[in-house]
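What follows is each chain in one-letter form.
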Amino acid sequence: MNKSFILSAALFASSLSVSAQSTPRNQLTPTPPMGWMTWNLFQGDISDKLIRETADAMVEGGYVDAGYKYIFIDDQWQGGRDVHNNMIPDPKKFPNGIKALADYVHSKGMKLGIYSDAAQLTCGGWTASLGFEEQDARTFASWGIDYLKYDYCNAPIDSATARQRYRTMADALSKSGRDIALGICEWGQRQCEEWCEEVGGQLWRTTYDVRDMWKDVTNEGGMGILDIVNITSPLSSYARKGQWPDMDMLVVGLHGVSGPSSALGGKGCTQAEYQTQMSLWCMFSSPLAMTNDMRKVSEEDRRILLNREVIAINQDPLGKVAERKVNTDTHQIFVRPLADGSYAVALLNVSDAPLTLTADFAKLGLSGKYTVRDLWQHRDIAKNAKNWKGKVQAHETKVFRLK
Ligand code: GAL
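In this report, the structure presented in the accompanying data block is examined. (Residues numbered from 1 in each chain as written. Predicted model: local features only at pLDDT ≥ 70, side-chain atom pairs only at ≥ 80, totals over all residues. Heavy atoms only, no water.)

Looking now at the overall build of the chain. Counting its secondary structure elements, the chain contains eleven helices and 18 strands. In terms of overall size, the chain behaves like a compact globule, its C-alpha atoms giving a radius of gyration of 22 Å where 403 residues would be expected to give roughly 22 Å. Overall, the chain is about 75 × 50 × 45 Å in size when its C-alpha atoms are taken along their principal axes. Looking at the chain as a whole, 55% of its 403 residues are labelled buried. Contacts in the chain between residues at least 24 apart in sequence constitute 70% of all its contacts with a sequence separation of at least 6. Working note: accessible area of the chain is about 16500 Å², and carbon and sulfur atoms make up 51% of it. One finds the centroid of the 45 positive side-chain charges in the chain at a distance of 5 Å from the centroid of its 47 negative side-chain charges. (Helix = DSSP H or I, 4+ residues; strand = E, 2+ residues; numbered from the N terminus. Rg over C-alpha atoms; globule rule 2.2 N^0.38 Å. Buried < 20%, exposed > 50% of the residue type's maximum accessible area, 1.4 Å probe, protein only. Contact = heavy atoms within 4.5 Å. Areas by Shrake-Rupley, 256 points an atom, 1.4 Å probe, with all protein chains shown as cover. Lys, Arg positive; Asp, Glu negative; His and termini not counted. Charge placed at Lys NZ, Arg CZ, Asp CG, Glu CD.)

Here's what the structure looks like:
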């Protein structure tokens, strides 16, 4: 066998392995991605060291085992472009480059996400991808990136342009030779739930940025947990396997610490409110992107973030998300069918005082008698039950699995 034959056989094999790897775009995220995102706490204060320490902490803390596999690098990682117009990371923040960092993250059994914007500049005014989509997608692929959050600051307001810009990036990612999922981040302002799949995206952000608060009482326009639930609930019929409503990052565990999520009234939440965020982000199969400092998480916050029974609802293979069946001034009730034939039922007390609430299963469309498991108490609480009645704290959500 001569050298050139061996070389061309190797090239042929490697081209085969590239095409064998490329997954159809609508199968890139069969369940909602889970992980940790840099933005809400660290904003631009990010580095190779922070990402490595976070990856270590996520493995040691049991988060990766529980399904939180991604680290999503958000805005302000960029260092501009080199003489060939290749995007480069900020050399002070990422002195080893992104490829070495991705290798490290992958060596932990995790995945790495990155951020760009469908304009010339990102929201923070950093280098973005308009006009360089294919080149940037190739760069991301060569670094080993698994996910791209693609923002829409500094771009035209109309929907047609947004669709076209997202499609251009999705096509570029498809051609890059690596499976890279695409999160569309136009804040639900152009009904991206309607066209996300068509343009090659996997996730559609439903609102403007989440703040670390229950709801926008100061009228500054920030999005609290309840505001996001109320905006997302009517969109739930658009969600399906591989097309997930992105309700933005989890603020669980931030406790009002300063950072982007503390703006516009983000003063922190009660544990009941954080439990509600986790419960409903799971009922709707939002991606779960934690944003607290993974190197120091309290037991109370771990209880919420690592509730595997609630996470199982988020990741349920049936991929049918919750429907809001009851919506009154005092409470809301959500129902979600699950792959094993059981149902998840969530009761949210939106009032500011404890309430005794009743869920009559037949009225929710669930005829029959059920074994009721409380997913926050981790125990079966009733057998052959046709309803549940009990106390729900102010702003708390209880989640039951009915078998
Ligand atoms: C916003 C986006 C945030 C964050 C920020 C970075 O548009 O909604 O999640 O990515 O940009 O500048």
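Attention now moves to the site of the ligand. Near the ligand you find 13 residues, and of these Asp74, Asp75, Lys149, Asp151 and Asp209 are the closest. Asp75 places a polar side-chain atom, nitrogen or oxygen, 2.9 Å from an oxygen atom of the ligand. The side chain of Lys149 places a nitrogen or oxygen atom 2.7 Å from an oxygen atom of the ligand. Within the complex, 95% of the 310 Å² of free accessible area of the ligand lies under protein. According to the grid-proximity analysis, the pocket containing the ligand is the second largest pocket. Residues belonging to the shell around the ligand are distributed by class as follows: seven nonpolar, no polar and six charged. (Near = heavy atom within 4 Å. Polar contact = N/O pair within 3.5 Å; in protein donor to acceptor, adjacent residues only side chain to side chain. 1 Å grid on protein atoms, 1.4 Å probe; cavity = no way out; pocket = protein on both sides within 12 Å on 5 of 7 lines; lining within 4 Å. Sits in = over half its atoms within 2 Å of the grid points. Nonpolar A, V, L, I, M, F, W, Y, C, P; charged D, E, K, R; others polar.)

What the rule picks out here adds up to one disulfide. The partner cysteine of Cys123 in its disulfide is Cys153, sulfur to sulfur 2.0 Å. Around the S-S axis, the bridge from Cys123 to Cys153 shows a dihedral of about 95 degrees and counts as right-handed. Of this pair, Cys123 sits in the loop between strand 5 (111-117) and helix 5 (133-143) while Cys153 sits in the loop between strand 6 (147-151) and helix 6 (159-175), placing them 30 residues apart in sequence. (Disulfide = S-S within 2.5 Å.)

We now examine empty space enclosed by the protein. For the structure on display, the rule yields one cavity of 30 Å³ or more. Its boundaries defined by the atoms lining it, the largest cavity holds a volume of some 120 Å³. The wall of the largest cavity is formed by 16 residues, among which Met37, Tyr147, Asp246, Pro287 and Ala289 lie closest to the centre. Of all the elements, strand 7 (residues 181-185) adds the most residues to the lining of the largest cavity, at three residues. Here the lining of the largest cavity is composed, by residue class, of eleven nonpolar, one polar and four charged. (Points joined across faces, edges and corners; volume = space filled by probe spheres on them.)

Hydrogen bonding along the main chain pairs the strands of a sheet, whether they run parallel or antiparallel. On the basis of which strands lie adjacent, the open sheet formed by six strands has the order 11-12-13-18-15-16 and antiparallel pairing. Both edges of this open sheet fall to strand 11 (323-327) and strand 16 (379-385), since each of them pairs with a single strand only. The average undirected angle you get between the axes of adjacent strands in this sheet is 25 degrees. Across four bridges, strand 15 (residues 370-374) lies against strand 16 in antiparallel orientation. Bridge assignment links Asp374 to a residue of strand 16, and that residue is Arg379. In this fold helix 8 (residues 225-232) packs onto strand 11, strand 12 (331-337) and strand 13 (343-349), with an angle of close to 55 degrees to the strand it touches most, strand 12. (Pairing = 2+ DSSP bridges. Axes fitted to C-alpha atoms, helices over the stretch in contact; angles between N-to-C directions.)

What follows covers the environment of Tyr63. Along the polypeptide, Tyr63 turns up in the loop between helix 3 (48-60) and strand 2 (70-72). The exposure class of Tyr63 is buried, given its relative accessible area of 1%.

The next subject is the layout of surface pockets. The method is simple in principle: a probe with the dimensions of a water molecule rolls over the atoms, and the space it marks as empty is what remains. Of the voids in this model, the largest pocket is the one considered here, and its volume is about 290 Å³. Along the walls of the largest pocket sit 18 residues, with Leu28, Thr29, Pro30, Tyr70 and Lys111 positioned nearest its centre. Among the residues forming the lining of the largest pocket, the class breakdown is eight nonpolar, five polar and five charged. Trp39, Cys123, Asp151, Trp187 and Asp209 are, among the 18 residues lining the second largest pocket, the residues nearest its centre.

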